Amino acid sequence: MSYSRHFLDFQGSSIPSSMKKLVVTKLSQNFREAERRSGERFVGINASDINYSAGRYDASVKPPFDIGFEGVGDVVALGLSASADYTVGQAVAYVKAGSFAEYTVVPAKQAVPLPSVKPEFLTLMVSGATAYISLKELGELSEGKKVLVTAAAGGTGQFAVQLAKKAKCHVIGTCSSDEKGGFLKSIGCDRTINYKTENVESVLRKDYPEGVDVVYESVGGKMFDLALNSLATKGRLIVIGFIAGYQNPTGLQPVKAEFLPAKLLKKSASIRGFFLNHYLSEYKMAMKDLLKMYERGDLVCEVDFGDMSPEGKFTGLESVFRAVDYMYMGKNIGKIVVELPHSVNSKL
């Protein structure tokens, strides 16, 4: 694939005449089945990559289509409209379908200037922004509120924990290992619950008999039911995902919905869904604040390159499949990031 016609300075750039990328050729919740490789930058892995490959976000999109939501890299060529604001060699990040590729055409208005190409910046693009905007717009956080974060050591959970602590809340985080619990404590989590060794429902009932004020929920299924039952009076449950069901044909795990109206009424509680695309008007301000916090050293952006995975670090497009599997096995601490080969530097 050639992008030469898009750029004024193509002849002076280092863009090759062809490139490799991942393309969805068949709608499926099985990521390996849906994608194939067609033809240095960092790209992020998201639980919702499977939803996209399964065609759940936009029924009008038919295969083949590009996959991957976010990336960071260097600009290698510019269109006329972009040349006023960007320069070749500048580091930028972006959120746009098609990031699982060696080169990507990004509209200038969708690019976020960065000080350098660092994987930590990538953690903020979707995962960080989701936590920041949802808690700000829907969480109504204030000092002393009790906040439960499910999958707290994951890509977005790590930010929900830290942002809730910055609001002076008491934060409880669920996780699946003592190692993850240690990480959560290191970023300020007040109470960690390893659901492999502790009964989450019993812990919450014993330690928080009046319930929790806010739940940042991304697991779904039984965890959703448990979180709903743990809400305090006027509590708020924010649903940002339900990863437990994404690999199912329907994308869902069953929940006990038959008593939902009564449960909400009894506690004057509420459930709010959050999808980042519906809050794009808040995105630039969120990114500005998150970048400032990171650069001041006030925000931990944990990156997991898969160094501890059986086949080692996630490097190259081929490793995207391993990275998705690694996430669904619940192994990651922080945001899973894939590094594309050094021989093909980040090119946007």
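Residues numbered from 1 in each chain as written. Predicted model: local features only at pLDDT ≥ 70, side-chain atom pairs only at ≥ 80, totals over all residues. Heavy atoms only, no water.

On a plain count of helices and strands, the chain comes out with 10 helices and 15 strands. Considering the chain as a whole, with its 348 residues, one finds that 55% of them fall into the buried category. Accessible surface, the chain as shown: approximately 15,900 Å² in total, 52% of it carbon and sulfur. (Helix = DSSP H or I, 4+ residues; strand = E, 2+ residues; numbered from the N terminus. Buried < 20%, exposed > 50% of the residue type's maximum accessible area, 1.4 Å probe, protein only. Areas by Shrake-Rupley, 256 points an atom, 1.4 Å probe, with all protein chains shown as cover.)

Our focus in this paragraph is helix H9 (residues 283-295). Across its 13 residues, H9 extends 18 Å between first and last C-alpha, which sits within 8% of the 18 Å expected from 1.5 Å per residue. Looking only at H9, the buried set comprises Tyr283, Ala286, Met287, Leu290, Leu291, Met293 and Tyr294. With its buried residues spanning 160° around the axis, H9 presents them on a single face. In this fold, the buried residues of H9 make contact with strand S6 (91-95), strand S7 (111-113), helix H3 (119-139) and helix H4 (157-166). (Expected span 1.5 Å × (residues − 1). Arc of directions from axis to C-beta. Contact = heavy atoms within 4.5 Å.)

To continue, consider the side chain of Glu70. Secondary-structure assignment places Glu70 in strand S5 (residues 70-74). One polar contact links Glu70 to Asn46, side chain to side chain, over a distance of 2.9 Å. At 3.4 Å, the side chain of Glu70 and the backbone nitrogen of Val126 are in polar contact. (Polar contact = N/O pair within 3.5 Å; in protein donor to acceptor, adjacent residues only side chain to side chain.)

Packing of H3 against H4 brings their axes to within 9 Å, and their N-to-C directions diverge by 45°. When the axes of H3 and H4 are compared, the pair comes out oblique. For the crossing formed where H3 meets H4, the hand is right-handed. Contacts between H3 and H4 involve Thr123, Leu124, Ser127, Gly128, Ala131, Tyr132 and Leu135 from the first element and Phe159, Ala160 and Leu163 from the second. The residue makeup of the contact of H3 with H4, split by class, is 7 nonpolar, 3 polar and no charged. (Axes fitted to C-alpha atoms, helices over the stretch in contact; angles between N-to-C directions. Parallel < 35°, antiparallel > 145°, perpendicular 65-115°, else oblique. Left-handed = near helix turned anticlockwise from the far one by under 90°. Nonpolar A, V, L, I, M, F, W, Y, C, P; charged D, E, K, R; others polar.)

Turning to the sheet that holds S7, a few remarks are in order. Strand order in the open sheet formed by 6 strands is S7-S6-S5-S3-S15-S14, with mixed pairing between adjacent strands. The sheet terminates laterally at S7 and strand S14 (303-304), the two strands that pair on one side only. Where S5 meets S6, 5 bridges bridge the pair, whose relative direction is antiparallel. Paired with Asp74 across the strands is Ala91, a residue of S6. H3 contacts strand S3 (42-44), S5, S6, S7, S14 and strand S15 (335-339) of the sheet and is inclined by roughly 145° relative to S5. (Pairing = 2+ DSSP bridges.)

Strand order in the open sheet formed by 6 strands is S10-S9-S8-S11-S12-S13, and the pairing between neighbours is parallel. Looking at strand neighbours, the two that pair on one side only are strand S10 (191-194) and strand S13 (270-273), the edges of this open sheet. For this sheet, the mean angle separating the axes of adjacent strands, direction not counted, is 15°. Examined bridge by bridge, strand S12 (residues 231-239) and S13 share 4 bridges and lie parallel to one another. Paired with Leu237 across the bridge in S13 is Ile271. Across the sheet, H3 is in contact with strand S11 (212-217), S12 and S13; its angle to S12 comes to roughly 145°. Against the sheet, helix H8 (residues 260-267) engages S12 and S13, with an angle of about 130° to S12.

When you line up the elements, Thr87 lands in the loop between S5 and S6. For the pair Thr87 and Val75, spaced 12 residues apart in the sequence, the C-alpha separation amounts to 7.0 Å. If we ignore the near neighbours within four places in the chain, the residues touching Thr87 are Val75 and Leu78.

Turning to the packing of aromatic side chains, a few remarks are in order. Going through the model one piece at a time under the given rule, you end up with 10 aromatic pairs. Seen in terms of ring centroids, Phe121 and Tyr294 are 5.5 Å apart; in terms of plane orientation they differ by 80°. Their pairing is edge-to-face. A residue pair is termed long-range when its members are at least 10 positions apart, and Phe121 in helix H3 and Tyr294 in helix H9 qualify at 173 residues. Like Tyr294, Phe121 is buried. Pairwise contacts between aromatic rings join Tyr52, Tyr57, Phe65, Phe69 and Phe275 into one cluster. Sitting over the ring of Phe121, Lys118 keeps its end group 5.8 Å from the ring centre. The positively charged end of Lys313 is found above the aromatic ring belonging to Phe305, 4.8 Å away from the centroid. (Phe/Tyr/Trp six-rings, centres within 6.5 Å; stacked < 30°, edge-to-face > 60°. Lys NZ or Arg CZ within 6 Å of the ring centre and 35° of its normal.)

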